[in-house]
Number of protein chains: 2
Amino acid sequence: MKRMDLLSELVVENQTKMVLLVIDGLGGLPGEDGKTELEAALTPNFDKLATKGETGLLQMVDPGITPGSGPGHLALFGYDPLEFRIGRGILEALGVGAQVESQDVCARGNFATLSPDDVVLDRRAGRISAERNKELISFLSENIKEIRGVKVRLYSGEEHRFVVVFSGDGLSEEVEDADPQKNGLPMKWAAATSSRGNLTATIANEFIKRVRDLLINEKQANGCLLRGFSQAPHMPLLPQLYKIKPVAIANYPMYKGIARLVGMDVVDAGQNLEGLFETLPSKWDEYDFFYVHVKYTDSYGEDGNYDAKKEVIEKVGSLMPKVLELNPDVLVITSDHSTPCQLKNHSWHPVPVLLFSPFTRPGSCSTFGERDCATGLLGVMPAYHLMGLMLAHGLRLSKYGA
Amino acid sequence: MKRMDLLSELVVENQTKMVLLVIDGLGGLPGEDGKTELEAALTPNFDKLATKGETGLLQMVDPGITPGSGPGHLALFGYDPLEFRIGRGILEALGVGAQVESQDVCARGNFATLSPDDVVLDRRAGRISAERNKELISFLSENIKEIRGVKVRLYSGEEHRFVVVFSGDGLSEEVEDADPQKNGLPMKWAAATSSRGNLTATIANEFIKRVRDLLINEKQANGCLLRGFSQAPHMPLLPQLYKIKPVAIANYPMYKGIARLVGMDVVDAGQNLEGLFETLPSKWDEYDFFYVHVKYTDSYGEDGNYDAKKEVIEKVGSLMPKVLELNPDVLVITSDHSTPCQLKNHSWHPVPVLLFSPFTRPGSCSTFGERDCATGLLGVMPAYHLMGLMLAHGLRLSKYGA
């Protein structure tokens, strides 16, 4: 029996409040002084929680596997990341703030410069400015709202990039890129890779022609290319699976988007760290599961900026009283993957996790750090097991068997 | 999704060098002084590596399951040993140095004494000497090279034992033993257990008759029996799976044979421990994955010779500088199973493992020993997860999902 189905079978309603604080890319590797970013950070609030709660390490996907943000978050939300996958196109769409529902197909777009006979002269339209991009997207959005009953939504990206989302019945991601991939080649039109993709290919090509007609007088961005057609995965949603009312409190569009895909509500939490911790109390009565996402640890990890990553961790630690004064029944502090400054990239290293509730068996952990967590009572566990543990500590799972 | 397929999907080429040092039967049980063979051994080089690297215990097959050399090694090479199996016949064949390819069928042979009317008088032909065995095999090899287009290769074993390998199209292991199992019974001929085995049974019986004709004037070894027909398993090979160029550096035929089955090159490493560590540097530029196999720990374990096993461990430890001066990117020191002197046999006890690379989170381990490893950051993990971890530390796996 699948774990998810078992949890779903056992779940009961309750009024308990659960907080999942995800500090993106939190896990690290030892720096010059032999300590990881988290170990080096002064975090008395985390340490106190580590002493009173249970700690461990989360194996996000499988040993040695480096997770992208998609699989990392799906695992934290209780989905086996090897069973459920989010396509790259969907994630990019979510990253620019696109709303993607389960039947939608989205694609990554490029503004491009085409010759009068449709030879692609510049796949990036001279890398037009973000401002110009916004103007064009705004103009196109007004003029292309629907094609053959399929709704069209457009989102600006950086430079020449944008995202298009098609919404309607009978769409499919089984469509090849409408992109010759190289300058100087004739336009390549979208083509279905199976009969299921026929409608989408037709819509995509009609979209490209409409864009071409509308932008015919542009010097640089007088056409467009589409690639990476992808569909949101069909997955059971958290509210139905676990009888919870979840909300995402995040600064960045991608994480809001992933949360929406699993059935969370999404609220505006501003553009900075403090915003997250101000938003949380304001939504306390309305929801029972709070996913709070801190991005900046990952960003500094990718920059290889050890001190800045450490400082963000300290900052988050210092904001913990704002969470604790709400008296959550279950509080989990963890991450979606490691981003060691040494690697300037996501990595495969397991992720520290701290679980705090009235029903823990505190171990000998006295700090919140990778190696102290490794001695914790949760052990090294698959990340997608965490959700069940949160529900259990929230007294939301009935007994299995009589 | 199967882990092996996932790794294969994520694997990228790189120039990193990986060493897998397998100290056969390394794991042990406490002796009179309360320490295992490994714990008692003075191994400052191992201990230094344990301090800088990550340690843990490998569960070779499953808790409580004692692995043979086949499953133990398959697991270390990344194959789930419950999914992939090597038949006993194949292992015996590999043990006498037979080269077995994926279509071949091999069988264990006995020289036997038969009466003129084919009653088996002595299934072991009076346990003839290894020398006589070699003479007979040499004579038979010259006279039976092929039967009905199927190639025949013969390998001497100990006393009355030999191995025959049939190579050709349409062969199958679905054949019952050509052996009455008891003296005094009439010869029992090979019989197919399914129609797929028909050709092999025919070839086997014709082989036995040709041997009988050729040895008709022998007093003792005037015939032969065949049993344990088995075929090399169909398995994906390491070079294709993981884009690596692997080589086996081993003293004993069986381990060279297992390595060949998974697609490794095999080189001559002489007949002793020192030979292994002299061969390694000589092949350093040619390969990127080095499987080095030390046999003698297992042999002494099976003898119950605690001190001798301990001394071999110390010897291997003292040879580590020869490995370290090559600056491997990833170095793993472990075993294919435990062989505690107390049991004089393979055992089910998990096996110590030490992984050393620039990307480890060193734990509190200060020695390389079973119980210190049990506190290591790798935890207790299935042995077949190790290969993915080696590839990760060798920076040979791309990110899973965006």
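Predicted model only: the values in this text are computed from it and were never measured.

What counts and how
- Residues numbered from 1 in each chain as written.
- Chains lettered and ligands numbered in written order.
- Predicted model: local features only at pLDDT ≥ 70, side-chain atom pairs only at ≥ 80, totals over all residues.
- Heavy atoms only, no water.
- Helix = DSSP H or I, 4+ residues; strand = E, 2+ residues; numbered from the N terminus.
- Rg over C-alpha atoms; globule rule 2.2 N^0.38 Å.
- Buried < 20%, exposed > 50% of the residue type's maximum accessible area, 1.4 Å probe, protein only.
- Areas by Shrake-Rupley, 256 points an atom, 1.4 Å probe, with all protein chains shown as cover.
- Lys, Arg positive; Asp, Glu negative; His and termini not counted.
- Charge placed at Lys NZ, Arg CZ, Asp CG, Glu CD.
- Pairing = 2+ DSSP bridges.
- Axes fitted to C-alpha atoms, helices over the stretch in contact; angles between N-to-C directions.
- Contact = heavy atoms within 4.5 Å.
- Buried area = accessible area lost by both parts, 1.4 Å probe.
- Salt bridge = Lys/Arg side-chain N within 4 Å of Asp/Glu carboxyl O.
- Nonpolar A, V, L, I, M, F, W, Y, C, P; charged D, E, K, R; others polar.
- pLDDT = per-residue confidence, 0-100.

A. The arrangement of the overall build of chain A in detail. The secondary structure content of chain A amounts to 15 helices and 16 strands. Its C-alpha atoms give chain A a radius of gyration of 23 Å, within 12% of the compact-globule value 21 Å for 402 residues. Seen through its C-alpha atoms, chain A measures out along the principal axes to roughly 70 × 55 × 40 Å. Looking at chain A as a whole, 58% of its 402 residues are labelled buried. For chain A, the computed accessible surface area is about 16000 Å², with 47% contributed by carbon and sulfur atoms. Measuring between centres, the 42 positive side-chain charges of chain A sit 2 Å from its 52 negative side-chain charges.

B. Region of the structure containing the sheet that holds strand β16 (residues 379-382) of chain B. Residue and element names in this part refer to chain B. Spatial ordering of the open sheet is given by β12-β11-β13-β1-β14-β15-β2-β16, a layout of eight strands whose pairing is mixed. Two strands bound the open sheet, and with one partner strand each, they are β12 (265-268) and β16. Taking the axes of each pair of neighbouring strands and ignoring which way they run, one obtains an average angle of 25° across the sheet. Where strand β11 (residues 246-250) meets strand β13 (residues 289-294), five bridges bridge the pair, whose relative direction is parallel. Across the sheet, Ile 249 pairs through a bridge with Val 292, a residue of β13.

C. Region of interest: the environment of Asn 327 of chain B. Residue and element names in this part refer to chain B. In this structure, Asn 327 sits in the loop between α13 (320-324) and β14 (330-334). On the basis of relative accessibility, which here comes to 60%, the residue Asn 327 falls in the exposed class. Between the alpha carbons of Asn 327 and Ser 141 there is a distance of 46 Å; along the sequence they are 186 residues apart.

D. Representation of the interface of chain A and chain B. Chain A puts 32 residues into the contact, and the matching count from chain B is 25 residues. Buried surface at the junction of chain A and chain B, both sides included, amounts to about 2300 Å², of which 61% is carbon and sulfur. Of all residues in chain A, the largest losses of buried area upon contact with chain B belong to Pro 63, Arg 85 and Trp 348 of chain A, amounting jointly to 23% of the total for that side. Counting every contact that joins chain A to chain B gives two salt bridges. Of all the elements in the fold, those that place two or more residues in the side of chain A that touches chain B are α4 (69-76), α5 (88-95) and α14 (370-373) of chain A. Here the side of chain A that touches chain B takes three residues from α4 of chain A, the largest share from any one element. Classifying every residue of the side of chain A that touches chain B gives 16 nonpolar, 11 polar and five charged.

E. Quick look at α5 of chain A. Residue and element names in this part refer to chain A. Of the positions making up α5, those classed as buried are Gly 89, Ile 90, Leu 91, Ala 93 and Leu 94. Looking at the buried side of α5, the elements it contacts are α4, β3 (105-114), β7 (161-167), β10 (223-231) and α9 (253-261). Backbone geometry just downstream of α5 places Gly 97 in the positive-phi region, at approximately 90°.

F. Up close: the confidence of the model for chain A. When the pLDDT values of chain A are averaged, the result is 95; 100% of them are 70 or greater. This complex was scored by the predictor with a pTM of 0.89 and an ipTM of 0.88.

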